[in-house]
Amino acid sequence: GTIPMRTDLFDFDLPEERIALQPAQPRDHAKLLVVGAPAGVDALASDALLQDQRITDLPQLLRAGDALVFNDTKVLPAALSGIRHRGDIRAKVSFNLHKRLDGHRWLAFARPAKKLAVGDHVQFGGDDGASCMAGSLDARVEAKGDHGDITLAFSFSGAVLDEAIKAHGAMPLPPYIASKRSADARDEAFYQTIFAKHDGAVAAPTAGLHFTAELVAALQARGVSKHFVTLHVGAGTFLPVKAQDTADHVMHAEWGEVSPDVAAELNEVRAKGGRIVAVGTTALRLLETAAAESAQIMPFSGDTDIFITPGYRFRAVDLLWTNFHLPRSTLFMLVSAFSGLKTMQAAYAHAIATKYRFYSYGDASLLYPTVDAKPARI
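A brief report on the enclosed structure follows. In this text the structure is predicted, and so the values were computed from the model without any measurement.

Parameters at a glance
Residues numbered from 1 in each chain as written. Predicted model: local features only at pLDDT ≥ 70, side-chain atom pairs only at ≥ 80, totals over all residues. Heavy atoms only, no water. Core = buried A, V, L, I, M, F, W, Y, C linked by side-chain atoms within 4.5 Å. Buried < 20%, exposed > 50% of the residue type's maximum accessible area, 1.4 Å probe, protein only. Contact = heavy atoms within 4.5 Å. Helix = DSSP H or I, 4+ residues; strand = E, 2+ residues; numbered from the N terminus. Phe/Tyr/Trp six-rings, centres within 6.5 Å; stacked < 30°, edge-to-face > 60°. Lys NZ or Arg CZ within 6 Å of the ring centre and 35° of its normal. Pairing = 2+ DSSP bridges. Axes fitted to C-alpha atoms, helices over the stretch in contact; angles between N-to-C directions. 1 Å grid on protein atoms, 1.4 Å probe; cavity = no way out; pocket = protein on both sides within 12 Å on 5 of 7 lines; lining within 4 Å. Points joined across faces, edges and corners; volume = space filled by probe spheres on them. Nonpolar A, V, L, I, M, F, W, Y, C, P; charged D, E, K, R; others polar.

### A look at the nonpolar core
Core analysis: the biggest nonpolar cluster contains 69 residues, and Tyr 191, Val 258, Leu 284, Leu 287, Ile 297, Tyr 348 and Phe 358 have the highest contact counts within it. Apart from residues no more than four positions distant in its own chain, Val 258 is found in contact with Val 229, Ala 263, Leu 286, Ala 290, Ile 297, Met 298, Pro 299 and Phe 300.

### What to know about unusual backbone geometry
Between Gln 25 and Pro 26 the backbone carries a cis peptide bond, its omega angle lying at -10 degrees. Within the secondary structure layout, Pro 26 lies in the segment before strand E1 (31-35). In the Ramachandran plot, Ala 295 falls in the positive-phi region, its phi being about 80 degrees despite a non-glycine side chain. Relative to the assigned elements, Ala 295 resides in the loop between helix H7 (281-290) and strand E15 (300-304).

### Here we look at the packing of aromatic side chains
On inspection of all chains with the given rule, the structure shows 20 aromatic pairs. Ring geometry for Tyr 312 versus Phe 314: centroids 4.8 Å apart, planes at 75 degrees, classification edge-to-face. For the pair Tyr 312 and Phe 314, one class covers both residues: buried. Summarising the aromatic geometry, the rings of Phe 332 and Tyr 348 are spaced 4.8 Å apart at their centres and angled 55 degrees between planes, so their arrangement reads as tilted. Of the two residues, Phe 332 sits in helix H8 (residues 330-339) while Tyr 348 sits in helix H9 (residues 341-353), which places them 16 residues apart along the sequence. For Phe 332, a relative accessible area of 0% corresponds to the buried category. We classify Tyr 348 as buried; its relative accessible area is 2%. Directly above the aromatic system of Tyr 356 lies the positively charged group of Lys 31, at a separation of 4.3 Å from the ring centroid.

### Looking at the sheet that holds strand E9 (residues 137-144)
A barrel is described by the order of its strands in space; here 6 strands give the closed sequence E5-E6-E7-E10-E9-E8, paired in antiparallel fashion. The sheet shows a mean angle of 45 degrees between the axes of neighbouring strands, direction not considered. By the bridge criterion, 5 bridges tie strand E7 (residues 105-111) to strand E10 (residues 149-154) in an arrangement that is antiparallel. The partner of Trp 106 across the bridge, within E10, is Leu 152. In the packing of helix H2 (residues 158-168) onto the sheet, the strands contacted are strand E5 (79-86), strand E6 (89-100), E7, strand E8 (121-124), E9 and E10, and the crossing angle to E9 comes to about 105 degrees.

### Details of empty space enclosed by the protein
Counted under the stated rule, the structure contains 2 cavities of 30 Å³ or more. Approximately 100 Å³ is the volume attributed to the largest cavity. Lining the largest cavity we find Pro 23, Ala 24, Arg 27, Ala 30, Phe 190, Leu 209, His 210, Ser 360, Tyr 361 and Gly 362. Along the lines of polarity and charge, the residues of the lining of the largest cavity split into 6 nonpolar, 3 polar and 1 charged. Put simply, the second largest cavity is a space of about 60 Å³. If you trace the second largest cavity, you find it lined by Gly 236, Thr 237, Met 251, His 252, Glu 254, Arg 285, Thr 330 and Leu 331.

Read these as spatial facts, not as claims about activity.
Dropping the structure here:
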């Protein structure tokens, strides 16, 4: 099982300027750091623990029969500004939706949360001329939790609600980018993968942002298959770990689905000796949630709050493609579980020294598992 560990073990010094504020253009022109590849296994592999490559080298790094697993969630523009009505008294409040509860209710972080009480009525976009075409969107504060968590019950539901959110909402850029610049029209396109299909995420599965139609075609020509799972990424993915000990951190739940067809395809890939490459920590967490003790991937639909830290034994994933994460984040803990803490500390020190770009709009890494994290094969 996982070992409770001190959170500060996952701290490192990240200079501000290493956080990318804009994506690479074109998407597949970013850098790629290959970490922990055993010597001689791939066309580009050498004895070096760390290899500096380009995103476009990925087809040569994989083999025919390998499978890429992408998250096809679609980001909703989930940053909403509204007016709270309580009798005749009004107040401006902004919300970041973070988890759909059902057809008409969402959990949201509110700022300032102290201005809201259960029963308050909130109106989005009714007052400014720009969005009057779309009409106004109304919600009621149904519940109020700790940490500024609010349950909003909207006046619309289902696909109609999704369209209303799109009409009134802004793209929710990750906090470390949003604190440095405001979202613009380009982010609507940049902060969405080319695979985005199912509305429901409030953050992009950013590892997938590097893929272009050309890169996907080159991978298919190489004999690498592509498969899709859906995990609606929540804003909890950005929350820093405040607990002193990893055992005390509570992960936010996110809704995900691995279809029976995809589960069967991936088990067949493995049976034939192919490797499962998770594109992103979201795809990895969902596949690990869906995997049985035997390492068979089972169909899955529901919430997952899996929190992966060193000592976790991976079952479903052979290689991980992911961006560079922030200090003390649950995602740096996850990559440390996959490739080893010392290895990842060395990889990140190298990445910082050689000016890799970090975070959601940054460069990518291709991680091999440490010997002790290698998936249990059937």
